[in-house]
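# What the coordinates show
In case you want the letters, here they are:
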Amino acid sequence: MFDFSQTVDRHGTWCTQWDYVADRFGDAGLLPFTISDMDFATAPCVLSAIQQRLSHGVLGYSRWQNEEFSGAIHHWFRERFNTETDSNTLVYGPSVIYMIAEMIRQWSQPGDGVVVHTPMYDAFYKTIAENQRQLVPVALEHHETGWQCDMVRLESALAQPQNKILLLCSPHNPTGKVWTRDELNEMSLLCERYGVKVISDEIHMDMVWSKHQHIPWSNVARGPWALFTSASKSFNIPALTGAYGFIADDPSRSSYLSALKGRDGLSSPAVLSLVAHIAAYRDGAPWLDALRCYLRENLRFVADALNSAFPQLAWQVSDASYLAWIDLTPLDIDDNALQQELINNQKVAIMPGLTYGAPYQQFVRLNAGCPRQKLEQGVARLLAGIRAIC
């Protein structure tokens, strides 16, 4: 029903990944596998709903507090995650990162600690630092069975009185880890024990593979918590802006909404974002499921190509997300030399592991959210670059 092999030329559309690749990599002519949006047109039901709204012709101020928006979110969480949501706790924001930043400001003071799992999405580093909070990293450990959290180390961090918040990424970016119910329950108990508030970024919640199941933080939460997410990753609509979430306790939610509307003047959402979310969550499931199958096969292709060329990598498809987090440590290569080779000779942009934390120089993150033809070129160039410096 849906053809994800079709190439859409994104040049000249003010596209961050394609038109502005030189900002990060210094060369405008690179084939990019970088920022986490996809090279696919969004779901036909979303485009149809947007076109219908545009035909109305009036694009004035709008409200997110309406039954269509909250009802679509309720429907999605019930159907996809077997989870009931409380519309009274629903909040809107222009982006998940804005919402995280605001809750960090609400729930902590400058100098307080924010506990995170590393490697970590690079925007988290910036958000914590720019709000004058202290980063408290708890490194995930890479085992044969996947990435694991040392709960003893996590408890040690949570037990420090200056550490006020656990910023959870679920599923985790960049590793693609899906937290189990047992892991989430243990983290919830620890946070309750030490009075640590939880902010859970669940923007990759729909991109979970195989037997793994995403469990919203709301299902295990104890104490103050906030869950933030968006349809932007799943349906490739970040340009529309817009995110939403749930803040459990009334005072925190009221304080957040006061800052959104009064201090920042951001309470009127982009109406096309509302339209897109409603259409996606009401009618987009068949498209998303087909896309997930395509992305899963893309990742299998990456695994087969990497392991055929370099069996010692033994790379496995992650539990979630279309972002391939690839450990090149077994090859003992110079990460800087690899990036220079990829950029200058292979003409490809692939995110260096250093972006996600200093200990991860030997990793790269490759965005597989694209037609197979593009992915084949990118993987071939990555392999050629590795061979060139080995």
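Up top is the structure these notes are about.
Quantities reported herein were computed from a predicted structural model and do not represent experimental measurements.

## What about the packing of helix 3 (residues 44–56) against helix 10 (residues 271–283)?
Where helix 3 meets helix 10, the closest approach of the two axes is 8 Å, and the angle between their N-to-C directions is 140°. With respect to helix 10, the axis of helix 3 lies oblique. Handedness of the crossing formed by helix 3 with helix 10: right-handed. Contacts between helix 3 and helix 10 involve Cys45, Val46, Ala49, Ile50, Arg53 and Leu54 on the former and, on the latter, Val271, Leu272, Val275, Ala276, Ala279, Ala280 and Asp283. Split by residue class, the contact of helix 3 with helix 10 holds eleven nonpolar, no polar and two charged.

## Side note on the nonpolar core
If you look at the biggest cluster of nonpolar residues, it comprises 127 residues, and the most contacted ones within it are Leu154, Phe228, Phe235, Tyr281 and Ile326. Counting residues per element, this core draws most heavily on helix 11 (residues 285–309), at ten residues.

## What about the sheet that holds strand 7 (residues 163–169)?
Judged by pairing direction, the sheet is mixed, and its seven strands sit side by side in the order 2-10-9-8-7-3-4 without closing on themselves. Edge positions in the open sheet fall to strand 2 (90–93) and strand 4 (134–139), since each of these has one partner strand only. Ignoring strand direction, the axes of neighbouring strands in this sheet form an average angle of 25°. Inspection of the sheet shows strand 7 paired to strand 8 (residues 197–201) by five bridges, in the parallel sense. Residue pairing in the sheet places Leu167 in a bridge with Ile199 of strand 8. Its contacts with the sheet put helix 7 (residues 151–158) on strand 3 (113–118), strand 4 and strand 7, and the angle it makes with strand 4 is roughly 165°.

## Quick notes on the packing of helix 4 (residues 67–81) against helix 10
For the pair helix 4 and helix 10, interaxial distance at closest approach is 9 Å and the crossing angle is 35°. Crossing hand, helix 4 versus helix 10: left-handed. Residue-level contacts link Glu68, Phe69, Gly71, Ala72, Ile73, His75 and Trp76 of helix 4 to Leu274, His277, Ile278, Ala280, Tyr281 and Arg282 of helix 10. In terms of residue class, the contact of helix 4 with helix 10 is made up of eight nonpolar, three polar and two charged.

## Observations regarding helix 8 (residues 181–194)
Spanning 14 residues, helix 8 covers 20 Å between terminal C-alpha atoms, matching the ideal 20 Å at 1.5 Å per step. On its buried side, helix 8 packs onto strand 3, strand 6 (146–148), helix 7, strand 7 and strand 8. Where helix 8 ends, the next residue or the one after it, Gly195, has phi of about 65°, a positive value.

## As for the pairing of strand 9 (residues 225–229)
Within strand 9, five of the five residues are buried, which leaves it mostly tucked inside the rest of the structure. Along strand 9, one buried face is formed by Trp225, Leu227 and Thr229 and the opposite face, lined by Ala226 and Phe228, is buried too. Summarising the sheet, strand 8 and strand 9 pair through four bridges and their orientation is parallel. Bridge pairing links Ile199 to Ala226 in strand 9. Inspection of the sheet shows strand 9 paired to strand 10 (residues 243–247) by four bridges, in the antiparallel sense. Note on strand 10: the bridge partner recorded for Phe228 is Gly245.

Rules of the game
- Residues numbered from 1 in each chain as written.
- Predicted model: local features only at pLDDT ≥ 70, side-chain atom pairs only at ≥ 80, totals over all residues.
- Heavy atoms only, no water.
- Axes fitted to C-alpha atoms, helices over the stretch in contact; angles between N-to-C directions.
- Helix = DSSP H or I, 4+ residues; strand = E, 2+ residues; numbered from the N terminus.
- Parallel < 35°, antiparallel > 145°, perpendicular 65-115°, else oblique.
- Left-handed = near helix turned anticlockwise from the far one by under 90°.
- Contact = heavy atoms within 4.5 Å.
- Nonpolar A, V, L, I, M, F, W, Y, C, P; charged D, E, K, R; others polar.
- Core = buried A, V, L, I, M, F, W, Y, C linked by side-chain atoms within 4.5 Å.
- Buried < 20%, exposed > 50% of the residue type's maximum accessible area, 1.4 Å probe, protein only.
- Pairing = 2+ DSSP bridges.
- Expected span 1.5 Å × (residues − 1).

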